[in-house]
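Architecture and fold: a report
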Amino acid sequence: MMSIYRLHAIVCLIVCFMVLSFVAGCGNVQPAAVPSVQPAEINVSAAMGLKDALGEIQKKYEADHSVKIVFNLASSGALQTQIEQGAPADLFISAASKQMDELQKKNLIIPATRKNLVGNQLVLIVPKTSQLELHSFQDLTNASVTRFGMGVPETVPAGEYAKQVLEKLQVWETVREKAVMPKDIHSVLTYVETGNVEAGIVFSTVAAASDKVKVAAIAPANTHEPIIFLGAVVSSAKHPKEAEAFLQYLTSSDGMAVFTKYGFQEMQ
């Protein structure tokens with residue numbers, strides 16, 4: 001029979017083996033994963049005319065900050081209506097003060113955050129291959145122009161400025177029946193590019209983004225209100241601090257370098 005000492009030794013060996021196996025197993029246990037912090041998502045409702053510049057700024061900003069920027073691009077009037085109806089937005093960037101003023105009257109933006117960003121010019125464009133003799137906005141009265149594009153004055157700032165110019169030059173009543181008025185400025189550009197209209201009135205930065213059109217005339221500064229793009233944090237913003245920080249960045253030297261690259265004018 002097995003001696004009590006030998007049995008005791010065998011039991012000790014088995015226990016030691018079990019203990020060592022347990023310790024080794026514990027060493028392979030992976031630490032619990034630490035939940036990753038999701039970046040704040042900033043919803044920016046911005047005028048369509050800023051599309052290209054904001055797209056480049058977005059890449060630079062997101063690379064250096066823990067935020068995700070989501071753009072809602074449309075005419076300033078359409079964006080104003082959306083915000084009034086409760087659409088989610090942290091930051092509003094308008095192509096004119098009219099829409100911003102309306103939201104401020106209704107306490108839908110935070111006035112202390114309101115900032116002028118950049119300026120622009122209004123230009124008359126024609127297709128690149130056009131042979132029409134158009135050298136001024138008054139030339140829209142020519143019989144050779146049967147249709148021209150401009151944004152809806154009530155909702156598209158470029159259209160509002162266009163109407164101001166044509167009224168100042170006393171040709172609005174003559175040419176208004178020729179006007180084709182889409183709901184955003186990029187549609188005006190498309191109409192001109194495709195030849196659906198003989199001419200169009202857009203911001204200079206929009207015209208510069210296309211190689212299918214050329215500028216026929218620049219609107220004299222004294223024929224319309226100053227063209228100013230401006231921004232403000234929306235009162236119902238979910239991420240007001242992050243939205244204001246992004247707005248501050250837009251007016252910084254880094255942000256302004258991108259705007260001027262796309263033809264916008266730095267505010268004095």
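Residues numbered from 1 in each chain as written. Predicted model: local features only at pLDDT ≥ 70, side-chain atom pairs only at ≥ 80, totals over all residues. Heavy atoms only, no water.

1. Describing the pairing of strand S8 (residues 199-203)
Within S8, five of the five residues are buried, leaving the element largely enclosed by the surrounding structure. Judged from the four bridges that link them, strand S5 (residues 122-127) and S8 form a sheet pairing that is antiparallel. When the sheet's bridge partners are listed, Ile125 is paired in S8 with Gly200. (Buried < 20%, exposed > 50% of the residue type's maximum accessible area, 1.4 Å probe, protein only. Helix = DSSP H or I, 4+ residues; strand = E, 2+ residues; numbered from the N terminus. Pairing = 2+ DSSP bridges.)

2. Here's the deal with the sheet that holds strand S1 (residues 40-47)
Across the sheet, which stays open at both edges, the six strands sit in the order S2-S1-S3-S10-S4-S11 with mixed pairing between neighbours. Unpaired on one side and paired on the other, strand S2 (67-74) and strand S11 (265-266) mark the two borders of the sheet. Pairing of S1 with S2, which is carried by eight bridges, proceeds in the parallel orientation. Along S2, the bridge assignment pairs Ile42 with Ile69. Helix H2 (residues 51-64) contacts S1, S2 and strand S3 (91-94) of the sheet and is inclined by roughly 175° relative to S2. (Contact = heavy atoms within 4.5 Å. Axes fitted to C-alpha atoms, helices over the stretch in contact; angles between N-to-C directions.)

3. Digging into the side chain of Asp184
Here Asp184 lies in the loop between strand S7 (179-180) and helix H7 (185-193). For the buried Asp184, which has no salt bridge, the nearest side chain bearing the opposite charge is Lys183, at an N-O separation of 9.0 Å. A polar contact is formed between the side chain of Asp184 and the backbone nitrogen of His186, at a distance of 3.1 Å. Within polar-contact distance, the side chain of Asp184 engages the backbone nitrogen of Ser187 at 2.9 Å. (Lys, Arg positive; Asp, Glu negative; His and termini not counted. Salt bridge = Lys/Arg side-chain N within 4 Å of Asp/Glu carboxyl O. Polar contact = N/O pair within 3.5 Å; in protein donor to acceptor, adjacent residues only side chain to side chain.)

4. A look at the environment of Ala112
Here Ala112 is to be found in the loop between helix H4 (97-105) and strand S4 (115-119). Residue classification places Ala112 among the exposed positions, given a relative accessible area of 73%. In this structure, the C-alpha to C-alpha distance between Ala112 and Ala232, residues 120 residues apart in sequence, is 8.2 Å.

5. A closer look at the pattern of salt bridges
Tallying each qualifying case throughout the model produces five salt bridges. Taking the shortest distance from any N to any O, the salt bridge between Lys261 and Glu56 comes out at 2.9 Å. Residue Lys261 is located in helix H10 (residues 253-261), and its partner Glu56 is located in helix H2; the two are separated by 205 residues in the primary sequence. Assessed through its relative accessible area of 56%, Lys261 is described here as exposed. Where Arg176 meets Glu173, a salt bridge forms, and the shortest distance between an N and an O atom there is 3.3 Å. On the basis of relative accessibility, which here comes to 58%, the residue Glu173 falls in the exposed class.

6. Focus: the sheet that holds S7
Across the sheet, which stays open at both edges, the five strands sit in the order S7-S6-S8-S5-S9 with mixed pairing between neighbours. A strand with exactly one partner marks an edge of an open sheet, and here the two such strands are S7 and strand S9 (213-218). Inspection of the sheet shows S5 paired to S9 by five bridges, in the antiparallel sense. Among the inter-strand pairings, Leu124 is bridged to a residue of S9, identified as Ala217. Against the sheet, helix H5 (residues 157-168) makes contact with S5, strand S6 (148-149) and S8, and its axis sits at roughly 115° relative to S8, the strand it touches most. Lying on the sheet, H7 is in contact with S5, S6, S7, S8 and S9; it crosses S8 at an angle near 145°.

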